[in-house]
Amino acid sequence: MDAVVRTPSHLAAPLVHRLFRAPVRPPVFCEPVPGLVTWRGPEASATPDDVHRTAADLVHLAAERHTAPTAELAPVVDVLARTLLAVAEVDVTDADAVRLGPQDYARRLRGAVQGADRELSPDAAWFHDALLVSVCLHVLHHLVRRSAYLQRRLPGRASRIAQLVDLQDAEAAARQPERPEADVAFEAEYARWVARRHGWLTIVGVDFPNAPDRWPLEETYLSLEAEERSGGVAEDEQRTVLLADRALEDHERVLLRGGAGSGKTTLVQWLAVAAARAGDRVPFVLPVRRFAREGFPAPDDFLHAVRHPLADRAPEGWVVRTLLAGRALLLVDGIDEAPEKTRGELRDRLRRLLRVFSGNGCLVTSRPSAVSDGWLSGEGLAEEDFVELSLAPMSRDQVTRFIRDWHSAARTDEQSRSPGPRERGALDEYEQRLLHSVRIYRELRQLATNPLMCGLICALSRDRAGSLPSGRKELYDAALEMLLQRRDPERDVLYADDVRLQQSTRERLLQKLAHAMLEEDASELTRERAVGILDAALPAMPAARAQGDGAKIFRHLLHRTGLLRERSGESVDFVHRTFQDYLAAKEIVARDRFPTLVDHAHQSEWEEVIRMSAAHARPEECAQFLERLLAPAPGLRRPQVNHRRLMAAACLEHVTELDPAVQRLVHDRTKNLVRPTTELAARGLGWVGPIVLELLPDPGQVTDDRQALLLAITATRVADDAAIDYLVRLRSRAALPVRTELARGWRHFDTERYAEEIIAHLDPDGLYFPVSDTVELAALRDLGGRPRIQVAGVMRAEELLAGLLPDQLTHLWLNAELPDTDVSWLSGLPRLRVLRVNPRLPRVRNVPNGVEITA
């Protein structure tokens, strides 16, 4: 029998986390441990049976790595479960437990379980007791990590516990059995493949003459920010800003939401390449579209399900062995690309897999509206196991960096082909002109909020010598013109095949494929199905039919348009879902299929198609369509009917010409829908667009602070500077929640105007003013600074020191990750008295003397 039982933290800590509630408020010093467990109290999220399952996972985890009485594991599980349940009975505080240390705390728990020793043989009793000490170590480590007070008040004890965890991890790693040589060799080959396959970034529209259409990921990757929200009401809501690519360093499981083009798939690529190069985790990139209909694959089928070229060469059982060792990183990309009716089953299979193979990292991505809050919680997984994050829109600093990096990469490519200085000078001019335009023009600034749009804008700026479209429809029209009509001639690719098609013909054929995907609720088509669709369309298109059959036209569209990509020779999809939605909308309008739109207008995944269909429709068609959206729908529930009506309001933003009577009808049928009664409903109204501002009540007539707060939440989320005129009438409110909401809102608007018209007029008493980037920081400095500032975006220490006014600042709230946790630079702020640190962020160090730190 081994002298001790070691359980590595990356496997044991997630199991221990199941036992404790996630903090709903900043922890206080000396919290009673029984009040923290998940199975006790009116808001219990677990049961004793859940604790028993956790005990079983811990026992089997230890048994895999140590000599254990295998015939007696079931009794050991029973006793350990009862011992863990005693955590809710032993009356100690978190500080008391930390002072006791793992051995004495284990002794206290063991003493609370009567008769346990008589149920186990000597070997089984020893195994239980040794495992309990290891589990208690992870419990204490969890208590320390969740409480800044314990870290500050008991630094010696906290440091000792961290050292014991590190020592246990090192010894556990040393005890790991050697992997089969075949596994080691294949894993090395697999890692090289991942680095090659995912180490390149493709930005649609980057199509210079004779230039490659992909860029090294390391040169162009932009580290985006993700938001984690906590708190049930607006005044208590905490918005924590994290670097998205670091999310899995602190959380084992993450559900990441992000809109189309927001960078979800690029983040998956980055994490996969980083894991492959580091060698500590084996990344499995699992695009849901590959198995959307079949359901989540079994581990042995991971590689085959995504049609991996190395699937047939993998050693039998390699994936399972990797999962058992807790070394896998599951990157499940695009839950929204599974049909809605199959998402529940896909989720359930993923849950079961994570329960069986605990300790593995998992990132799941989705469009925001495709899955509800808490979608991956329950079913034996503690709610806090999956942290839910949302990719934040790119800040002005990030947009500036993207534009500069894009043009830098373009210049590098130009230099590799040895052009003259004239071309390089033109790129310099385009870069400066674009940076100026993004700062000055509201429409362009609103479009440049994610990597896809920024890439398109950069490419179009270069392609059109700095002349850019303003609206979203015009942007995509220009992009399609570049890709479908000018791409090959300007790349001097004139004879790649013998098919000669005009842009309009290419576009109509692509529309057929996009529309089929929409109707069939599919994110891809088999090659055979795509060819069949084209064969059916060609008889009505003589110019295309004269060029060849469906198979030949399919190859042409695949290789020459830049909009399609083939998957392992078996299926095809669009390079980005946004293009698919845009082209499907054009086909719906061309076929006069508006009734189909109406039938699906209550479904979130059809929102972009509906908006773009309204933009393409002729005035009479659009009027009839909107009237149908507003008509009674007896077969739908009230929330679905309301969603249809709000979609009608959202379409007005994209319509060029519309009968005034229909506009009035939209106003009349939707005005009563924009009286939010909850914070969640208020937030949800923002996506409708500027039309909401016309329907909201006059703030001057609202006397209730609660209603004023709901109006502020709605208006600050309307992506139009017209919202500033509405918010001006709320700026004199004294209620702190209203002032807090107005202060949060300025990252959505023109910084200078919002600072002048809103921020400058807010009473600073007790209010933390948030700054998301250096532009906001500079604007606040120009206003004379403020006593309380919240850092709500990722910035370096030197940027903060340059923007903060030392003679003004007394309270600083770090609510975003810092590139460096050393905050000794705060000594340059002599009036600073209070440093507030979000407990979800890495612990800061070297806090200057005299500065009080709070959570």
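Coordinates for the structure precede this section.
(A) Fine view of helix H21 (residues 503-519). Between its terminal C-alpha atoms H21 stretches 24 Å, which fits the 24 Å expected from 17 residues at 1.5 Å a residue. When you tally the buried positions in H21, you get 14 out of 17 residues, the bulk of the element. Just past H21, the residue Asp521 takes up positive phi, approximately 55 degrees.

(B) Quick peek at the packing of helix H22 (residues 527-537) against helix H24 (residues 550-560). With their axes 8 Å apart at the nearest point, H22 and H24 run at an angle of 110 degrees to one another. When the axis of H22 is compared with that of H24, the two are roughly perpendicular. You can see that H22 and H24 cross each other, and the crossing is right-handed. Across the interface between the two elements, Arg527, Ala530, Val531, Leu534 and Asp535 of H22 pack against Gly550, Ala551, Ile553, Phe554, Arg555 and Leu557 of H24. Looking at the contact of H22 with H24 residue by residue, the classes come out as seven nonpolar, one polar and three charged.

(C) Looking closely at the packing of aromatic side chains. Following the criterion strictly, the structure yields 11 aromatic pairs and no others. Between Tyr190 and Trp318 the ring centres are 5.3 Å apart and the planes differ by 65 degrees, which places this aromatic pair in the edge-to-face class. Here Tyr190, found in helix H9 (residues 181-198), pairs with Trp318, found in helix H14 (residues 318-324); they are 128 residues apart in sequence, far enough to count as distant. On the basis of relative accessibility, which here comes to 3%, the residue Tyr190 falls in the buried class. Considering the side-chain rings of Phe296 and Phe302, the 6.1 Å spacing of their centres and the 90 degrees angle between planes classify their relative orientation as edge-to-face.

(D) Up close: the environment of Glu218. Its place among the elements puts Glu218 in helix H10 (residues 217-220). Sequence spacing of Glu218 and Val273 is 55 residues, and the spatial spacing of their C-alpha atoms is 9.8 Å. Glu218 has contacts with Trp270 and Arg277, leaving out every residue within four places of it along the chain.

(E) Region of the structure containing the pairing of strand E14 (residues 788-791). Bridge analysis of strand E13 (residues 769-771) against E14 gives three bridges, and the strand direction is parallel. Note on E14: the bridge partner recorded for Val771 is Val791. Note on the crossover from E13 through helix H37 (residues 774-782) to E14: the handedness is right-handed. Relative to strand E15 (residues 811-814), E14 is paired through four bridges, and the arrangement is parallel. Bridge assignment links Arg788 to a residue of E15, and that residue is His811. Since E14 and E15 lie parallel, the crossover through helix H38 (residues 797-803) that links them has a hand, and here it is right-handed.

(F) Layout of helix H30 (residues 660-670). Taken together, the buried positions of H30 are occupied by Val662, Val666 and Thr670. Relative to the axis of H30, the buried residues are bounded by an arc of 55 degrees and lie together on one face. Its side-chain oxygen placed 2.9 Å from the backbone nitrogen of Ala661, Asp659 serves as the N-cap of H30.

(G) The environment of Ala106, seen in detail. By the element assignment, Ala106 lies in helix H4 (residues 94-111). Taking the C-alpha atoms as reference, Ala106 lies 9.7 Å from Leu84; in sequence the two are 22 residues apart. For Ala106, the residues in contact, after removing those within four places along its chain, are Leu132, Val133 and Cys136.

(H) Spatial organisation of unusual backbone geometry. Located in the positive-phi region is Asp592, a residue other than glycine, with phi close to 55 degrees. Among the structural elements, Asp592 can be located in the loop between helix H25 (577-591) and helix H26 (594-600). Even without being glycine, Asn846 reaches a positive phi, approximately 60 degrees. Relative to the helices and strands, Asn846 is located in the loop between strand E16 (834-837) and strand E17 (852-854). A relative accessible area of 45% places Asn846 in the partly exposed class.

(I) A look at the packing of H21 against H25. The interhelical angle for the contact between H21 and H25, taken along N-to-C directions, is 100 degrees, at an axis separation of 7 Å. For the element pair H21 / H25, the angle class is roughly perpendicular. Only Gln580, Leu583, Ala584, Lys586, Glu587, Ile588, Ala590 and Arg591 of H25 make contact with H21, whose side of the interface consists of Glu507, Arg508, Leu510, Gln511, Lys512, Ala514, His515, Met517 and Leu518. Tallied by class, the residues present in the contact of H21 with H25 amount to eight nonpolar, three polar and six charged.

(J) Spotlight on the side chain of Glu227. Mapped onto the fold, Glu227 is located in strand E3 (residues 225-230). Of the residues examined, Glu227 reaches a relative accessible area of 6% and is grouped as buried. Within the local environment of Glu227, its side chain forms a polar contact with the side chain of Arg747, the two groups lying 3.0 Å apart.

(K) Molecular detail of the sheet that holds E14. The sheet built from five strands is open, its strands ordered E13-E14-E15-E16-E17 with parallel pairing. A strand with exactly one partner marks an edge of an open sheet, and here the two such strands are E13 and E17. Between one strand axis and the next, the sheet turns through 20 degrees on average, direction left out of account. H37 rests against E13 and E14 of the sheet, and its axis sits at about 140 degrees to E13.

(L) Quick look at the pattern of salt bridges. Going through the model one piece at a time under the given rule, you end up with 41 salt bridges. Note that Arg18 is salt-bridged to Asp57, the shortest N-O span being 2.9 Å. In this pair, Arg18 is assigned in the loop between helix H1 (9-17) and helix H2 (48-65) and Asp57 in helix H2, connecting sequence segments 39 residues apart. Among the ionic pairs, Arg290 bridges to Glu524, the shortest N-O distance being 1.8 Å. Separated by 234 residues along the polypeptide, Arg290 in the loop between strand E6 (282-287) and helix H13 (302-305) and Glu524 in the loop between H21 and strand E10 (525-526) bring together distant segments of the chain.

(M) How the structure looks around the state of the cysteines. Taken as a whole, this structure holds zero disulfides when the rule is applied. The structure places no disulfide on Cys454, whose sulfur is separated from the nearest cysteine sulfur, that of Cys458, by 6.4 Å. Assessed through its relative accessible area of 3%, Cys454 is described here as buried.

(N) Inspection of the pairing of E6 at higher detail. A large share of E6 lies buried, amounting to six of its six residues. Burial along E6 is two-sided: the face carrying Val282, Phe284 and Leu286 and the face carrying Pro283, Val285 and Pro287 are both buried. Pairing analysis gives six bridges linking E6 to strand E7 (residues 328-333), with the strands arranged parallel. The residue of E7 that forms the bridge with Pro283 is Leu329.

Cut-offs applied
Residues numbered from 1 in each chain as written. Predicted model: local features only at pLDDT ≥ 70, side-chain atom pairs only at ≥ 80, totals over all residues. Heavy atoms only, no water. Helix = DSSP H or I, 4+ residues; strand = E, 2+ residues; numbered from the N terminus. Expected span 1.5 Å × (residues − 1). Buried < 20%, exposed > 50% of the residue type's maximum accessible area, 1.4 Å probe, protein only. Axes fitted to C-alpha atoms, helices over the stretch in contact; angles between N-to-C directions. Parallel < 35°, antiparallel > 145°, perpendicular 65-115°, else oblique. Left-handed = near helix turned anticlockwise from the far one by under 90°. Contact = heavy atoms within 4.5 Å. Nonpolar A, V, L, I, M, F, W, Y, C, P; charged D, E, K, R; others polar. Phe/Tyr/Trp six-rings, centres within 6.5 Å; stacked < 30°, edge-to-face > 60°. Pairing = 2+ DSSP bridges. Right-handed = clockwise from strand over helix to strand, strands pointing away. Arc of directions from axis to C-beta. Polar contact = N/O pair within 3.5 Å; in protein donor to acceptor, adjacent residues only side chain to side chain. Salt bridge = Lys/Arg side-chain N within 4 Å of Asp/Glu carboxyl O. Disulfide = S-S within 2.5 Å.

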